[in-house]
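Each chain, letter by letter, is given below.
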Amino acid sequence: MSILRAEAVSRCFGAFPALRGIDLEVGLGQRLGIVGESGAGKTTLIKLLAGLDQPDSGQVWFDQKIVSGRPERDLGFLRSSLQIVFQDPRSSLNPRMRVGSIITEPLRSKRVRRELNDIDQRQRLGEVLKMVDLPADSADRYPHEFSGGQRQRIAIARALAPKPQVLIADEPVSSLDVSVRAQVINLLADLVEREGLTLLFVSHDLMVVRHLCDSVIVMRAGEIVERGQSAEVFEHPQTDYTKALWAAVPRIRV
Amino acid sequence: MTLLEVEGLSVRFGRRRRRAIEDVSFAIEPSQRLGLIGESGSGKTVTALALMGLLPQNAAVGGEIRVNAVSVRDLDEHSYSRLRGDAMSMVFQEPMTALDPTMRVGRQVAEALLLHSRHQAGSSRKSVMAMLERVGLDEVGRIADSYPHQLSGGQRQRVCIAMALINSPDLVICDEPTTALDVTVQAKVLQVLNEVLGAEGAACLFISHDLAVVSQVCDQVIVMLDGRIVEAGTVAGVFSHPEHPYTKGLVATARLDQMPPGERLPTVPDFYRGQL
């Protein structure tokens with residue numbers, strides 16, 4: 001059964017067509033990679049799926065409920081069950097808030113609380129900090145006191161706080177050192193498995209997607225040019241574009 | 001003659017004299033490509049800035065840096081700035097902040113040229129266009145007349161490479177030049193960099209946390225950890241038989257292509273649990 005569905009979704013910015021008639025279905029528990037170059041429409045697509053932007057035409061459904069066109073006050077169900085981790089934790093975490101209050105902020109939203117039957121904030125904070133392997137005393141500190149990898153763990157903890165079904169990660173390891181990248185990928189893989197999450201993972205790095213995702217869509221100029229099982233797409237890419245993306249991944253050459 | 005000799009270089013910051021790098025020594029021969037790897041905070045960029053004489057006022061520098069056998073530690077600011085952009089130049093990580101947003105990029109490249117030669121402003125345009133072409137840009141006229149924000153990330157970084165190479169430097173320092181780019185653009189920029197470095201016969205100090213990228217540009221590599229060099233050798237040697245546990249960790253994490261999908265990835269702390 002699909003949990004997220006987009007039908008003929010298009011979005012223009014001025015005269016520029018960022019998305020052209022995208023059809024997509026994401027099944028419960030699926031780990032979908034979304035790959036493509038800068039400007040291919042990856043981020044525009046996930047914004048529409050997350051109800052953070054509206055399509056010019058087409059429809060988005062979450063769990064059989066229409067998302068597109070709804071006012072924010074009716075999107076409580078989506079805000080609690082779909083969460084995003086952004087690329088750069090330096091800009092996605094408020095530098096003037098303590099980590100504890102950053103992580104529990106989604107739980108203080110009136111609409112999310114309604115969905116979660118007034119979850120105990122402090123208890124949930126402890127739980128998610130443990131889930132992302134951060135010490136309990138992190139809650140009293142500020143984001144600048146943490147390294148890049150730790151900050152991304154904070155962003156992941158915040159996303160997990162409202163117990164979402166779907167986690168969208170938009171280039172979550174692109175601003176990290178290669179060595180830190182491995183730790184965050186391991187963490188994401190564990191969490192997806194343990195919490196039974198559906199994962200949408202946006203990246204320009206196909207090697208990371210191959211590792212983490214069971215299926216993949218390849219985007220170019222606002223369209224999906226290839227889709228299928230990760231193993232299939234990466235071992236037998238059908239389009240030259242996918243082949244070029246795959247070839248561009250740097251590998252150690254000795 | 002050795003192009004660059006660094007001996008016992010140390011940098012400390014502020015009144016507390018916090019150590020950034022300590023006892024760093026290495027050498028670069030003419031047209032040699034040396035990779036400098038390590039994680040964020042290991043001292044890679046501080047090393048580069050020390051070589052370029054671009055450290056802030058509160059930095060206390062010790063040790064020796066010689067370029068073509070001449071010590072640059074004794075140079076005054078005026079002589080140093082004649083060296084920068086001429087004998088040695090630098091490509092920074094973020095081309096958007098490295099370029100002046102209020103100046104057309106053609107003029108910025110020309111500025112580097114005019115500051116260091118007797119070129120007349122008129123004839124410089126031709127050299128600028130030729131250089132922009134050599135870094136693989138199309139429609140160089142339009143590019144030269146554009147402001148940085150009108151170009152893509154890859155185009156901006158090519159402009160920075162053009163600027164760094166227009167005076168045929170002996171040494172180009174590249175500090176994470178492709179980290180801000182996506183993989184396809186990165187591949188093209190690396191190819192361009194390889195071509196122009198080769199054509200100019202310029203040496204390169206290439207700083208990156210990405211071992212795969214380093215292996216495509218460099219033949220020698222040094223590994224930095226907490227401000228010190230912990231391993232040095234050929235790229236082939238160090239990457240296939242790393243000795244220091246920290247290097248072993250770095251190499252293992254960079255081998256994502258050899259991991260079966262879904263399996264737990266090795267991390268640096270699996271190999272090295274020092275002050276990480």
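All figures in this text were calculated on a predicted structure; none of them were measured in a lab.

Colleague: Just checking my understanding: could you explain the layout of surface pockets for this structure?
Modeller: Leftover empty space is mapped by rolling, across the atoms, a probe with the size of a water molecule. Residues and elements named next belong to chain B. In this model, the second largest pocket occupies a volume close to 580 Å³. Lining the second largest pocket we find 21 residues, and of these Arg84, Gly85, Phe92, Ala112 and Met163 sit closest to its centre. When residues of the lining of the second largest pocket are traced back to their parent elements, those giving at least two are strand S6 (88–91), helix H4 (105–116) and helix H7 (153–165). In terms of residues, the lining of the second largest pocket owes the most to one element, H4, which gives 5 residues.

Colleague: I'm lost on the packing of helix H4 (residues 99–108) of chain A against helix H6 (residues 121–131) of chain A in this one. Help?
Modeller: Between two packed helices, the angle of one axis relative to the other and the distance separating the axes together describe the packing. Residue and element names in this part refer to chain A. Between H4 and H6, whose axes approach to 10 Å, the crossing angle comes to 125 degrees. Considering the angle they form, H4 stands oblique to H6. The handedness of the crossing between H4 and H6 is right-handed. Only Gln121, Arg124, Leu125, Val128 and Leu129 of H6 make contact with H4, whose side of the interface consists of Gly100, Ile103, Thr104, Leu107 and Arg108. For the contact of H4 with H6, a count of residues per class yields 5 nonpolar, 3 polar and 2 charged.

Colleague: How should I be thinking about empty space enclosed by the protein in this particular structure?
Modeller: For the coordinates displayed, the defined rule picks out 1 cavity of 30 Å³ or more. What the largest cavity holds in volume is close to 390 Å³. Together, 28 residues line the largest cavity, and A:Val178, A:Arg181, A:His204, A:Asp205 and B:Asp210 are the ones closest to its centre. Those elements giving two or more residues to the lining of the largest cavity turn out to be helix H8 (178–195) and helix H9 (206–212) of chain A together with helix H8 (183–200) and helix H9 (211–217) of chain B. Residues of the lining of the largest cavity, tallied by class, amount to 13 nonpolar, 8 polar and 7 charged.

Colleague: What exactly am I supposed to notice about the sheet that holds strand S7 (residues 166–170) of chain A here?
Modeller: Pairing between the strands of a sheet is mediated by backbone hydrogen bonds and can be parallel or antiparallel. Residue and element names in this part refer to chain A. Ordered by their spatial adjacency, 6 strands build an open sheet running S6-S7-S8-S3-S9-S10, and the pairing between neighbours is mixed. The sheet is open, and its two edges are formed by strand S6 (82–85) and strand S10 (223–229), each paired on a single side. Recorded for the sheet is a direction-independent mean angle of 15 degrees between the axes of neighbouring strands. Bridging between strand S3 (residues 31–35) and strand S9 (residues 215–220) involves 4 bridges; their strand directions are parallel. Bridging from a neighbouring strand, glycine 33 pairs with valine 216 of S9. Of the strands in this sheet, S6 and S7 are in contact with helix H7 (residues 148–160), which crosses S6 at around 170 degrees.

Colleague: Any chance you could explain the packing of H7(B) against H8(B) here in plain terms?
Modeller: Residues and elements named next belong to chain B. Between H7 and H8, whose axes approach to 10 Å, the crossing angle comes to 15 degrees. Comparing the axis directions of H7 and H8 gives the class roughly parallel. Crossing hand, H7 versus H8: right-handed. Between H7, through Gly154, Gln157, Arg158, Ile161 and Leu165, and H8, the contact on the second element is made entirely by Val185, Lys188, Val189, Val192, Leu193, Val196, Leu197 and Glu200.

Colleague: Just checking my understanding: could you explain the pairing of strand S4 (residues 59–67) of chain B for this structure?
Modeller: Remark: a regular strand shows side chains that alternate across the two faces of the sheet. Residues and elements named next belong to chain B. Pairing of strand S1 (residues 4–13) with S4, which is carried by 8 bridges, proceeds in the antiparallel orientation. Note on S4: the bridge partner recorded for glutamate 7 is glutamate 64. Note that S4 and strand S5 (residues 70–71) share 2 bridges and pair antiparallel. Note that in S5 the partner of arginine 66 across the bridge is serine 71.

Colleague: Could you clarify how one ought to interpret the sheet that holds strand S8 (residues 203–208) of chain B in this entry?
Modeller: Residues and elements named next belong to chain B. Judged by pairing direction, the sheet is mixed, and its 6 strands sit side by side in the order S6-S7-S8-S3-S9-S10 without closing on themselves. One side of each edge strand has no neighbouring strand; the edge strands of this open sheet are S6 and strand S10 (228–234). Recorded for the sheet is a direction-independent mean angle of 15 degrees between the axes of neighbouring strands. Summarising the sheet, S6 and strand S7 (residues 171–175) pair through 4 bridges and their orientation is parallel. By the bridge assignment, valine 91 is partnered in S7 with cysteine 174. In the packing of helix H1 (residues 44–52) onto the sheet, the strands contacted are strand S3 (33–37), S6, S7, S8 and strand S9 (220–225), and the crossing angle to S6 comes to about 145 degrees. Across the sheet, H7 touches S6 and S7, and the angle it forms with S6 is around 175 degrees.

Colleague: I'm lost on the nonpolar core in this one. Help?
Modeller: The nonpolar side chains of soluble globular proteins are, as a tendency, buried together. Residues and elements named next belong to chain A. Among the nonpolar cores identified, the biggest contains 58 residues, and Ile103, Val132, Ile154, Ile156, Leu160 and Phe201 are the most heavily contacted of them. The element best represented in this core is H8, accounting for 8 residues. In this structure phenylalanine 201 touches Leu32, Gly33, Ile34, Ala169, Pro172, Val173, Leu188, Val208, Val209, Leu212 and Cys213, once residues within four positions along its chain are discounted.

Colleague: How should I be thinking about the pairing of S9(B) in this particular structure?
Modeller: Residue and element names in this part refer to chain B. The buried fraction of S9 is high, at 5 of 6 residues. Bridge count for S3 against S9 is 4 bridges, and the pairing is parallel. If you follow isoleucine 37 over to S9, its bridge partner there is valine 223. Pairing geometry for S9 and S10, over 6 bridges, is antiparallel. Bridge pairing links valine 221 to glycine 233 in S10. A loop of 2 residues connects S9 with S10, the two strands running antiparallel in sequence, and aspartate 226 in this loop sits at a positive phi of about 50 degrees.

Colleague: Mind showing me how you'd approach the interface of chain A and chain B here?
Modeller: How big an interface is tends to be stated in terms of accessible area lost as the parts join. Across the boundary between the two partners, chain A contributes 26 residues, which contact 37 residues of chain B. Together, the buried faces of chain A and chain B total about 2800 Å²; carbon and sulfur atoms form 59% of this surface. At the boundary of chain A and chain B, one finds 0 salt bridges. Across the chain A-chain B interface, the total number found is 13 residue pairs in polar contact (both at pLDDT 80 or more). Looking at the side of chain A that touches chain B, the elements with two or more residues in it are H8, H9 and helix H11 (240–248) of chain A. Top element by residues in the side of chain A that touches chain B is H8(A). It accounts for 8 residues. Class assignment for the residues of the side of chain A that touches chain B results in 13 nonpolar, 6 polar and 7 charged.

Calculation criteria
- Numbers given to residues run from 1 along each chain, matching the order in which its sequence is written.
- Numbering of ligands from 1 and lettering of chains from A proceed in the order in which they are written.
- Only residues with pLDDT of at least 70 are given local features in this predicted model, and only at 80 or more are side-chain atom pairs given and counted; all residues enter the totals for whole chains, interfaces and linings.
- The side-chain numbers reported here are obtained from all heavy atoms of the structure, hydrogens and water having been left aside.
- Of the two site types, the cavity is a set of points on a 1 Å grid over the protein atoms alone where a 1.4 Å probe fits but cannot get out, and the pocket is an open set with protein on both sides within 12 Å along at least five of seven lines, each lined by residues with an atom within 4 Å of a point.
- Grid points are joined across faces, edges and corners, and a volume is the space filled by probe spheres set on the points.
- A run of DSSP states H or I qualifies as a helix once it reaches four residues; a run of E qualifies as a strand once it reaches two. Both are numbered from the N-terminal end.
- For helices, the fitted axis covers only the stretch in contact; all axes are lines through C-alpha atoms, and the angles between them, taken along N-to-C directions, range from 0 to 180 degrees.
- The labels follow the angle: roughly parallel below 35 degrees, roughly antiparallel above 145, roughly perpendicular from 65 to 115, and oblique for the rest.
- In this scheme the handedness of a crossing depends on how the near helix is turned from the far one: anticlockwise by less than a right angle means left-handed, clockwise means right-handed.
- We call two residues in contact whenever any of their non-hydrogen atoms come within 4.5 Å of each other.
- Each residue is assigned to one class: nonpolar for Ala, Val, Leu, Ile, Met, Phe, Trp, Tyr, Cys and Pro, charged for Asp, Glu, Lys and Arg, and polar for all the others, Gly among them.
- By the convention used here, strands pair only if DSSP detects at least 2 bridges between them.
- For the purposes of this section, nonpolar cores are sets of buried Ala, Val, Leu, Ile, Met, Phe, Trp, Tyr and Cys residues that join through side-chain atoms within 4.5 Å.
- Buried, partly exposed and exposed residues are distinguished by accessible area as a fraction of the type maximum, computed with a 1.4 Å probe on protein chains only: under 20%, between the cut-offs, and over 50%, respectively.
- Values labelled buried area give the accessible surface lost by two parts on being combined, using a 1.4 Å probe and summing over both.
- In what follows, salt bridge is the name for a side-chain nitrogen of Lys or Arg lying within 4 Å of a carboxyl oxygen of Asp or Glu.
- Here a polar contact is recorded for every N or O atom pair within 3.5 Å, except that within protein the pair must consist of a potential hydrogen donor and a potential acceptor, and residues adjacent in sequence are included only if both atoms are side-chain atoms.

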